[in-house]
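Observations on the model geometry
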Amino acid sequence: MFRSQNSAMEDIGIKDIKKVIETVYEVRGIDFSNYAFSSFRRRIKRFMELNKVRDFNDFIRNIRESEEYVDNLIKEITVNVTEMFRDPTFWTFLNNNIIPKIKFENKLRIWHAACSTGEEVYSMAILLKEAGLLKSASIVATDINNNVLNVARKGSYPIRNQELNSKNYELFGGRRSLADYYMQTGTRVQFDKELIGNVDFLCHDLALDNPIGTFDLIICRNVLIYFNFELQEKVVQTFVQSMAPNSYLGIGSKESLSWCKAARALEEVSYEEKVYKKSASGERP
Amino acid sequence: MAGKIKIIVIGGSAGSFNVVRKILLSLPSDFPIPIVLCLHRLKDVKKGFVESLNLSSRLKVKEPEDKDPVKPGYVYLSPANYHLLIEPTHNFALSTEDNINFSRPSIDITFESAGYSFRDKMAGIILSGANGDGARGLYNAHINGAFTVVQDPTDAQFNLMPGETLKLFKPDKILKEDGIVEFIKSLRINTYV
């Protein structure tokens with residue numbers, strides 16, 4: 001936690017946060033102004049603490065002057081910890097109740113929005129492989145941050161994460177052992193490249209960029225929690241526009257669309273697992 | 001002082017469950033201040049905790065969803081495997097960032113964000129626990145003006161969490177279990193016991 005030497009740093013306030021947002025936008029064109037305040041403030045504090053920032057003006061100057069510094073800052077703000085088969089019951093529900101209902105024509109089109117380091121993309125690929133559908137799938141996985149996309153493309157993860165991943169995989173009801181999908185080298189594991197043979201990893205900012213296609217299934221779990229109401233509304237609207245007739249959207253287990261106008265076009269399939277459907281007409285039945 | 005406290009945030013880990021039960025059992029259904037419980041819990045056990053707390057409570061116990069407003073009449077329990085934050089707009093916000101002090105939910109995060117958002121309108125209480133999580137968060141809330149209470153380490157089943165807190169600062173009160181129950185009841189009419 002905050003072992004800050006400078007007690008003033010303990011209390012970075014709204015004005016400081018606005019200054020950071022402005023400066024990052026100036027130098028990078030990435031707009032964090034609609035991110036949820038408390039988490040954003042925490043990430044900034046954490047970055048300042050890790051980088052031993054003593055003076056706020058120095059901090060702003062560094063953002064202006066060093067490209068690497070801004071890269072690291074953006075990474076600290078946006079990178080989130082994810083795990084394979086996080087919330088195993090969600091993946092079981094997807095496997096048993098959703099995927100079999102999708103009547104796709106040519107390819108089963110899936111979008112992982114804000115996929116971070118790709119753990120859920122690999123989870124999906126494993127699920128599809130075990131359902132015999134991997135070769136029929138066309139997956140697009142996007143994130144705002146190219147560094148995390150590179151991690152996802154590479155498919156190399158620390159061995160220490162595999163205990164949790166394996167446990168989740170078992171709870172999900174995986175047919176094999178998770179270890180069947182990777183090779184261990186030293187302290188890392190390399191996931192099977194075949195899993196991402198049909199995956200396109202693309203840089204995409206949900207806050208700014210337009211829809212990227214039409215999909216049968218969109219997965220965006222524990223991303224909306226980092227956005228304020230306004231940005232959540234915009235992003236959900238992008239999703240609704242990107243959904244084919246009879247398609248599905250899955251969000252995080254404690255996220256909510258109940259207040260969201262754009263979500264009126266969707267029907268709740270499962271409150272527990274937070275899965276929503278766009279009906280054939282696009283109208284709510 | 002009258003009507004000052006608008007939120008009560010309680011952090012606890014090992015050994016805190018019975019104190020929490022006792023607190024909830026003592027409160028009437030019209031208790032006017034929202035209560036937020038940030039308790040360490042198993043990551044993959046999502047069901048059962050809210051249900052068992054509801055058996056001990058006249059107030060409705062629920063796990064907030066992202067962006068839910070903080071409302072009186074409710075006891076909010078931090079959901080499994082998420083950090084629980086409170087926004088300056090007095091809405092909840094969730095986060096899946098890394099464990100803090102090996103914990104998600106981390107009590108530090110909830111105390112810190114609630115203290116920032118509610119300042120001197122927050123009462124923060126730290127209970128028994130075998131982990132130092134919560135100490136720095138409560139200290140931070142104290143700096144922002146929150147009224148702070150620490151369970152007497154000699155009374156706590158596990159004294160590390162209250163002990164670590166007392167190393168950082170002097171809280172407004174150090175109380176035993178029964179004292180904590182009385183203190184919370186007294187907030188209703190805002191006459192601190």
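Residues numbered from 1 in each chain as written. Chains lettered and ligands numbered in written order. Predicted model: local features only at pLDDT ≥ 70, side-chain atom pairs only at ≥ 80, totals over all residues.

1. Comments concerning the overall build of chain B
What chain B contains, in helices and strands, is six helices and nine strands. Here chain B has a C-alpha radius of gyration of 15 Å; the compact-globule value for 193 residues is 16 Å, and the two agree. For the C-alpha atoms alone, the extent of chain B along its principal axes is close to 40 × 35 × 30 Å. A total of 193 residues make up chain B; the buried ones form 53% of that total. Pairs at least 24 residues apart make up 71% of the contacts formed inside chain B by residues separated by at least 6 positions. (Helix = DSSP H or I, 4+ residues; strand = E, 2+ residues; numbered from the N terminus. Rg over C-alpha atoms; globule rule 2.2 N^0.38 Å. Buried ≥ 20, exposed ≤ 12 C-beta atoms within 10 Å, placed from the backbone. Contact = placed C-beta atoms within 7 Å.)

2. Considering the domain arrangement of chain A
Residues and elements named next belong to chain A. Here the domain parsing of chain A yields domain 1 (7-78) and domain 2 (88-278). When each unit is reduced to the centre of its C-alpha atoms, the spacing between domain 1 and domain 2 is 29 Å. At the interface, nine residues of domain 1 touch 12 residues of domain 2. Considering every element that reaches the side of domain 1 that touches domain 2, the biggest residue donor is helix 4 (residues 67-78), with three residues. Residue composition of the side of domain 1 that touches domain 2, by class: four nonpolar, three polar and two charged. (Domains from an automatic or database assignment. Nonpolar A, V, L, I, M, F, W, Y, C, P; charged D, E, K, R; others polar.)

3. What about the interface of chain B and chain A?
One frequent convention defines the size of an interface as the accessible area lost when the parts assemble. With 23 residues of chain B in contact, the opposing surface of chain A contributes 18 residues. Among the elements of the structure, strand 5 (83-86), strand 6 (92-95), helix 3 (107-118) and helix 4 (135-143) of chain B are those that each provide at least two residues to the side of chain B that touches chain A. Of the residues belonging to the side of chain B that touches chain A, the class tally is 10 nonpolar, four polar and nine charged.

4. Description of the sheet that holds strand 7 (residues 122-126) of chain B
Residue and element names in this part refer to chain B. Across the sheet, which stays open at both edges, the seven strands sit in the order 3-4-2-1-7-8-9 with parallel pairing between neighbours. The open sheet has two free edges, formed respectively by strand 3 (60-62) and strand 9 (173-175), since each of these has just one partner strand. Sheet twist, expressed as the average angle between the axes of neighbouring strands with direction ignored, equals 20°. Summarising the sheet, strand 3 and strand 4 (residues 74-77) pair through three bridges and their orientation is parallel. By the bridge assignment, Val-61 is partnered in strand 4 with Val-75. Helix 1 (residues 17-26) contacts strand 1 (7-12), strand 2 (35-39) and strand 4 of the sheet and is inclined by roughly 155° relative to strand 1. (Pairing = 2+ DSSP bridges. Axes fitted to C-alpha atoms, helices over the stretch in contact; angles between N-to-C directions.)

5. A short note on the nonpolar core
Counting 132 residues, the largest nonpolar core has Val121(A), Ile218(A), Ile8(B) and Leu37(B) as its most contacted members. Ranked by the residues each element gives to this core, the list is headed by helix 6 (residues 119-130) of chain A, at seven residues. When near neighbours in sequence (up to four residues on either side) are disregarded, Leu37(B) contacts Ile10(B), Val20(B), Val75(B), Tyr76(B), Leu77(B) and Ser78(B). (Core = buried A, V, L, I, M, F, W, Y, C linked by C-beta atoms within 7 Å.)

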